[in-house]
Amino acid sequence: MTLTNEDLQAIAGLMQPMIQTVKTDLEEQILVVKTDLQEQILVVKTDLQEQILAVRTDLEEQIKAVRTDLEEQIQQSEQKLRKEIHNQAKKTNQYLKKEIHSSENLVLEEVSRVHHILEKHINDEARHTA
């Protein structure tokens, strides 16, 4: 049995509504799947944005904490250095005062010695007068 062209066209005509129904059903299913995927993508995108924001906020807080710690350490170091410099200046000042005092005492002792020699020389009766 051979189908003629008219038979094929008649079969195609009978099949056309079924093909159209299947085509429409597939298009609707594709649209549903597409919409569902778009919604899932939006949910994933929103979740990722929230996670990124949370990580960013956490990193900013950590950076702020580190910055605060560093600022405190710098202030402590500055205070320590100032105290050390002050102590060193105080020690140097004390040392210089002691050295000056010692020098003054040596000068006064020498002046006293010379004064004693001059008094002895002035009071010496056996000296030659010219």
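Presented here is an overview of the structure given in this document. (Residues numbered from 1 in each chain as written. Predicted model: local features only at pLDDT ≥ 70, side-chain atom pairs only at ≥ 80, totals over all residues. Heavy atoms only, no water.)

## Some details on the overall build of the protein chain
The helix and strand inventory of the protein chain stands at one helix and zero strands. Computed over C-alpha atoms, the radius of gyration of the protein chain comes to 54 Å, more than 25% over the 14 Å expected from 2.2 N^0.38 for 130 residues, which places it beyond the range of a compact globule. For the protein chain, the spread of C-alpha atoms along the principal axes amounts to about 175 × 25 × 20 Å. Classification of the 130 residues of the protein chain by burial places 0% in the buried group. Only carbon and sulfur atoms are counted for the fraction: they give 60% of the accessible area of the protein chain, which is about 12700 Å². (Helix = DSSP H or I, 4+ residues; strand = E, 2+ residues; numbered from the N terminus. Rg over C-alpha atoms; globule rule 2.2 N^0.38 Å. Buried < 20%, exposed > 50% of the residue type's maximum accessible area, 1.4 Å probe, protein only. Areas by Shrake-Rupley, 256 points an atom, 1.4 Å probe, with all protein chains shown as cover.)

## Considering the pattern of salt bridges
One pass over the structure, following the stated rule, counts two salt bridges. Glutamate 110 serves as the salt-bridge partner of arginine 113, at 2.6 Å between the closest nitrogen and oxygen. Taken together, the residues arginine 113 and glutamate 110, both in helix H1 (residues 5–123) and three residues apart, mark about one turn of the helix. Given a relative accessible area of 43%, arginine 113 falls into the partly exposed group. (Salt bridge = Lys/Arg side-chain N within 4 Å of Asp/Glu carboxyl O.)

## Considerations on H1
Each turn of an α-helix holds 3.6 residues, which means side chains three or four residues apart point in the same direction. Over its 119 residues, H1 runs 166 Å from end to end, which matches the ideal 177 Å to within 8%, given 1.5 Å per residue. Methionine 15 marks where H1 bends most, by close to 35°; the proline proline 17 follows one to four residues later. (Expected span 1.5 Å × (residues − 1). Bend = angle between axes of the 7 residues up to and from the residue.)

## Things to note about a nonpolar patch on the surface
On the surface, a nonpolar cluster with roughly 740 Å² of combined accessible area is contributed by Met1, Leu3, Leu8, Ile11, Met15, Met18 and Ile19. Within the secondary structure, leucine 3 is located in the segment before H1. Residue leucine 3 is classed as partly exposed on the basis of its relative accessible area, which comes to 42%. (Patch = residues over 30% accessible without salt bridge, like charges linked within 9 Å, V, L, I, M, F, W, Y side chains within 5 Å.)

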